[in-house]
Amino acid sequence: MYDLARKLLFQLSPETSHELSIDLIGAGGRLGLNRLLCKAPRALPVNVMGLEFPNPVGLAAGLDKNGDAIDGFAQLGFGFIEIGTVTPRPQPGNPKPRLFRLPEAEAIINRMGFNNLGVDHLLARVKAASYKGVLGINIGKNFDTPVEHAVDDYLIGLDKVYPHASYVTVNVSSPNTPGLRSLQYGDSLKQLLEALRQCQEDLAVEHGRRVPLAIKIAPDMTDEEIAQVAAALVEAGMDAVIATNTTLSRDGVEELPHGNEGGGLSGAPVRDKSTHVVKVLAGELGGRLPIIAVGGITEGRHAAEKIAAGASLVQIYSGFIYKGPALIREAVDAIGALQR
């Protein structure tokens, strides 16, 4: 069934089909129909960040930026849902076209630029949802906020989403907001993490519960840079790291239609690069904080590879677009096979 749906959706422009898909998944969720689309994955519970996940396969941020289809995605069998990236104020994102399919490579290039309706809209959608499972909310900075004041946007986002999130992801790795990736390095990262940690502690007292913080990093780092980031995350007391965001590399897609479009590349071509980052992180962290792996999972065995590399959880995005809901169950089964 999904093969036919994908064929029809791929006749439309990528962004139009994306918006239509979110509408359809959201409508199916409201009507309770989405659970009929595929067999539910097996129960494979795991405890990460002090949270109980029914299975370790989640939806990555970026697919449901505004939280418009939370119940719909949950009914497809995801063990957790991450929505966003959301910014304090609404913003349109970059000029269109800004989303490109590379079907020959099972890949996508996007330069969306954190297009979203703002944190207040997202929170209204969260409150309207029936979903009671693990919900991550991914926060970022507005494009017109200077990088030197980026921490202000992150603190606004954290303060607003904290009461409604199971965990909060801090996105400092999108390649589509000028200067954002500079926040992953050196003093900029240290200052950001210190401010977030202090805010987290204050909010934990205010709300009577501690919401974990995860930092999402890019795949385009040297091993030395990955080690430095790992050390900074441990020192700052962060709760998890998400590896990785999209890549600026075009290895393997240069000759394909749209292969040289600007933006971040996701899907199969980023798989090995992302898994390498997970392996290096795992070696540096030594189990001191968990890794959530995302990047290039288009088959169940790819999810198992991420777990074997040192991840505790995985997320899918581009693979879901190309393979549909069946990939969730396939990934859960492959991870479960590792434990036999």
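The structure displayed is predicted, hence computed values, not measured ones. (Residues numbered from 1 in each chain as written. Predicted model: local features only at pLDDT ≥ 70, side-chain atom pairs only at ≥ 80, totals over all residues. Heavy atoms only, no water.)

Moving on: the overall build of the protein. Counting its secondary structure elements, the protein contains 11 helices and 13 strands. Radius of gyration (C-alpha) of the protein: 18 Å, near the 20 Å computed for a compact globule of 340 residues. C-alpha atoms of the protein, sized along the principal axes, occupy 50 × 45 × 45 Å. Long-range pairs, those at least 24 residues apart, make up 74% of the contacts in the protein with a sequence separation of at least 6. (Helix = DSSP H or I, 4+ residues; strand = E, 2+ residues; numbered from the N terminus. Rg over C-alpha atoms; globule rule 2.2 N^0.38 Å. Contact = heavy atoms within 4.5 Å.)

On the surface, a cluster of nonpolar side chains totalling about 240 Å² of accessible area is made up of Leu12, Leu20 and Leu24. Within the secondary structure, leucine 12 is located in the loop between helix H1 (2–9) and helix H2 (14–31). (Patch = residues over 30% accessible without salt bridge, like charges linked within 9 Å, V, L, I, M, F, W, Y side chains within 5 Å. Areas by Shrake-Rupley, 256 points an atom, 1.4 Å probe, with all protein chains shown as cover. Salt bridge = Lys/Arg side-chain N within 4 Å of Asp/Glu carboxyl O.)

Looking now at the sheet that holds strand E8 (residues 167–171). Reading around the barrel, the eight strands line up as E3-E4-E7-E8-E9-E10-E12-E13 and close back on themselves, with parallel pairing between neighbours. Put simply, the sheet's adjacent strands are angled 25 degrees from each other on average, direction ignored. Sheet contacts for helix H6 (residues 186–207): E8 and strand E9 (213–217); angle to E9, the most-contacted strand, approximately 155 degrees. (Pairing = 2+ DSSP bridges. Axes fitted to C-alpha atoms, helices over the stretch in contact; angles between N-to-C directions.)

Our next topic: the packing of aromatic side chains. Within this structure, the stated rule accounts for six aromatic pairs. Here the aromatic cluster, defined as three or more aromatic residues joined through ring pairs, consists of Phe53, Phe80 and Tyr167. Positioned above the aromatic ring of phenylalanine 10 is the side chain of arginine 101, whose terminal nitrogen or guanidinium carbon lies 4.2 Å from the ring centre. (Phe/Tyr/Trp six-rings, centres within 6.5 Å; stacked < 30°, edge-to-face > 60°. Lys NZ or Arg CZ within 6 Å of the ring centre and 35° of its normal.)

Take glutamine 315: it is sitting in strand E13 (residues 313–316). When its relative accessible area of 1% is taken as the criterion, glutamine 315 is described as buried. Not counting residues up to four positions away in its chain, the partners in contact with glutamine 315 are Gly58, Leu59, Ala60, Phe80, Glu82, Tyr167, Ile242, Ile292, Ala293, Val294, Gly295 and Ile297. Side chain to side chain, glutamine 315 and tyrosine 167 meet in a polar contact 3.5 Å long. (Buried < 20%, exposed > 50% of the residue type's maximum accessible area, 1.4 Å probe, protein only. Polar contact = N/O pair within 3.5 Å; in protein donor to acceptor, adjacent residues only side chain to side chain.)

Secondary-structure assignment places glycine 296 in the loop between strand E12 (291–294) and helix H9 (300–309). By relative accessible area, which is 8% here, glycine 296 ends up buried. Distance in space between the C-alpha atoms of glycine 296 and glycine 336 is 19 Å, their sequence separation being 40 residues. Here glycine 296 is in contact with Gly267, Ala268, Val270, Arg271 and His302, once residues within four sequence places are set aside.

This paragraph deals with the sheet that holds strand E6 (residues 107–110). Backbone-to-backbone hydrogen bonds pair the strands of a sheet. The strands run either parallel or antiparallel. In space, the three strands of this open sheet follow the order E5-E6-E11, with antiparallel pairing throughout. Strands at the two margins of the open sheet, each flanked by one partner only, are strand E5 (99–102) and strand E11 (264–267). Pairwise comparison of adjacent strand axes, ignoring direction, gives a mean angle of 20 degrees for this sheet. Bridge count between E5 and E6: four bridges; the pairing is antiparallel. Residue pairing for E6: leucine 99 is matched across the bridge by asparagine 110.

For the rest of this paragraph, the subject is the nonpolar core. Counting residues in each nonpolar core, the largest one holds 81 residues, and the members touching the most others are Phe73, Ile137, Tyr154 and Leu281. For this core, the element with the highest residue contribution is H6, accounting for seven residues. Ignoring any residue separated from it by four or fewer positions in sequence, one finds phenylalanine 73 in contact with Ile22, Ile25, Leu59, Leu63, Asp64, Phe78, Ile81 and Phe320. Of all hydrophobic cores here, the second largest spans 14 residues; its members include Ala60, Tyr167, Ile292 and Leu313. (Core = buried A, V, L, I, M, F, W, Y, C linked by side-chain atoms within 4.5 Å.)

Here we come to unusual backbone geometry. Omega for the bond connecting glycine 84 with threonine 85 falls within 30 degrees of zero, at 10 degrees, which places this linkage in the cis form. Relative to the assigned elements, threonine 85 resides in strand E4 (residues 80–86). Geometrically, the link from lysine 96 to proline 97 is a cis peptide bond, its omega value of -5 degrees lying close to zero. Note on placement: proline 97 falls in the loop between E4 and E5. Phi at phenylalanine 114 is positive, roughly 55 degrees, even though this residue is not glycine. Note on placement: phenylalanine 114 falls in the loop between E6 and helix H4 (119–128). On the accessibility criterion, phenylalanine 114 (4% relative accessible area) is buried. At histidine 258, a residue that is not glycine, the phi angle is positive and equals roughly 75 degrees. Mapping histidine 258 onto the fold places it in the loop between strand E10 (240–243) and E11. The class for histidine 258 is partly exposed, based on a relative accessible area of 41%.

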